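Observations on chain architecture
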Amino acid sequence: MLFRSTFLKLTEYINPYGTEDDLVPLLPSGVTKDKSGNYFIKIGESRTLFTCHLDNYCKTKEKVNHVIKDNFIGTDRTTILGGDNKAGVTAILYMISKNVPGFYYFFIGEEPILSGGCWGSSQLLKSDPKLLKSFDRAVAFDRKKRGSIITRQMAQECCSNEFADALIAEFSKQGIKMQKDPTGYYTDTGNFIELIPE
């Protein structure tokens, strides 16, 4: 899987809540749609939940006007890029293509502009808390800042220093510099703080 071409396909359009199904052809074969409209796939055996969201912060679906210069992908400023959260989707698709063990969830309605925010994950919390309790850790790929591992969201700790340090060490092995960041606001995994330890 090539990051650049995958990201460009995912960002061909911006997708508000309600249009996430349009991205299904870009998701891996074998994904399952839950009763709330989210998509998931399990790879191997793992007690880790990996998440991202398919919607963008917008009200209407629009074609993106890409501007590409060297390794920078942007827009002509008449449209948004939709990198939140298509960058996270790209990262998760890569992990799936490499058969990294985990339970992967692609949530709908994370952005608050149309759904009220974190809609798909809140529905999963209501419908299947037993599934969520089966995980030891949840990692959301949804952060605008580079090199940031969120340790607080919803004004509370969402992971231990030990877990954050372990993630930083693993990224460091790949030459990626990460650091703890206590400035998180709220994303889908915030709904699971009471059920998933890390």
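Our structure is the block above this text.
The rules we used
- Residues numbered from 1 in each chain as written.
- Predicted model: local features only at pLDDT ≥ 70, side-chain atom pairs only at ≥ 80, totals over all residues.
- Heavy atoms only, no water.
- Helix = DSSP H or I, 4+ residues; strand = E, 2+ residues; numbered from the N terminus.
- Rg over C-alpha atoms; globule rule 2.2 N^0.38 Å.
- Buried < 20%, exposed > 50% of the residue type's maximum accessible area, 1.4 Å probe, protein only.
- Contact = heavy atoms within 4.5 Å.
- Areas by Shrake-Rupley, 256 points an atom, 1.4 Å probe, with all protein chains shown as cover.
- Lys, Arg positive; Asp, Glu negative; His and termini not counted.
- Charge placed at Lys NZ, Arg CZ, Asp CG, Glu CD.
- Expected span 1.5 Å × (residues − 1).
- Pairing = 2+ DSSP bridges.
- Axes fitted to C-alpha atoms, helices over the stretch in contact; angles between N-to-C directions.
- Parallel < 35°, antiparallel > 145°, perpendicular 65-115°, else oblique.
- Left-handed = near helix turned anticlockwise from the far one by under 90°.
- Nonpolar A, V, L, I, M, F, W, Y, C, P; charged D, E, K, R; others polar.

**Here we look at the overall build of the protein chain**
- Each helix and strand in the protein chain was counted, giving 6 helices and 13 strands.
- What you see for the protein chain is a C-alpha radius of gyration of 16 Å, in line with the 16 Å of a compact globule of 198 residues.
- Dimensions along the principal axes, computed over C-alpha positions, put the protein chain at roughly 40 × 40 × 35 Å.
- Scored against the burial criterion, the 198 residues of the protein chain give a buried share of 45%.
- For the protein chain, contacts bridging at least 24 residues in sequence account for 76% of all contacts bridging at least 6.
- Working note: accessible area of the protein chain is about 10,700 Å², and carbon and sulfur atoms make up 53% of it.
- Distance from the positive charge centre (25 side chains) to the negative charge centre (24 side chains) of the protein chain: 3 Å.

**Some words on helix 6 (residues 161–173)**
- In a regular helix each residue adds 1.5 Å, so 13 residues correspond to 18 Å; helix 6 covers 18 Å between its end C-alpha atoms and thus fits that length.
- The inward-facing, buried residues of helix 6 contact strand 9 (137–140), strand 10 (148–150) and strand 13 (179–181).
- Downstream of helix 6 by one or two residues, Gly 175 has phi in the positive range, about 80°.

**Quick notes on the pairing of strand 4 (residues 48–53)**
- Across the 6 residues that make up strand 4, a large majority, 6, are buried.
- Summarising the sheet, strand 4 and strand 9 pair through 4 bridges and their orientation is parallel. In the strand pairing of strand 9, Thr 51 is matched with Ala 140.
- As judged from the 5 bridges shared by strand 4 and strand 8 (residues 102–107), these two strands associate in the parallel manner. Note that in strand 8 the partner of Cys 52 across the bridge is Phe 106.

**Description of the pairing of strand 7 (residues 72–75)**
- Bridge count for strand 6 (residues 66–69) against strand 7 is 4 bridges, and the pairing is antiparallel. If you follow Lys 69 over to strand 7, its bridge partner there is Phe 72.

**Things to note about the environment of Leu 125**
- Along the chain, Leu 125 falls in helix 4 (residues 119–127).
- With residues near it in sequence (within four places) discarded, Leu 125 still touches Leu 132, Asn 191, Phe 192 and Leu 195.

**Brief notes about the packing of helix 1 (residues 3–10) against helix 2 (residues 83–97)**
- Running from N to C, helix 1 and helix 2 cross one another at 135°; their axes reach a closest spacing of 9 Å. One finds that helix 1 runs oblique with respect to helix 2. Crossing hand, helix 1 versus helix 2: right-handed. On helix 2, the residues touching Phe 3, Thr 6, Phe 7 and Leu 10 of helix 1 are Gly 83, Lys 86, Ala 87, Val 89, Thr 90, Ala 91, Leu 93 and Tyr 94.
- Classifying every residue of the contact of helix 1 with helix 2 gives 8 nonpolar, 3 polar and 1 charged.

Function-wise, these values are silent; they only describe arrangement.
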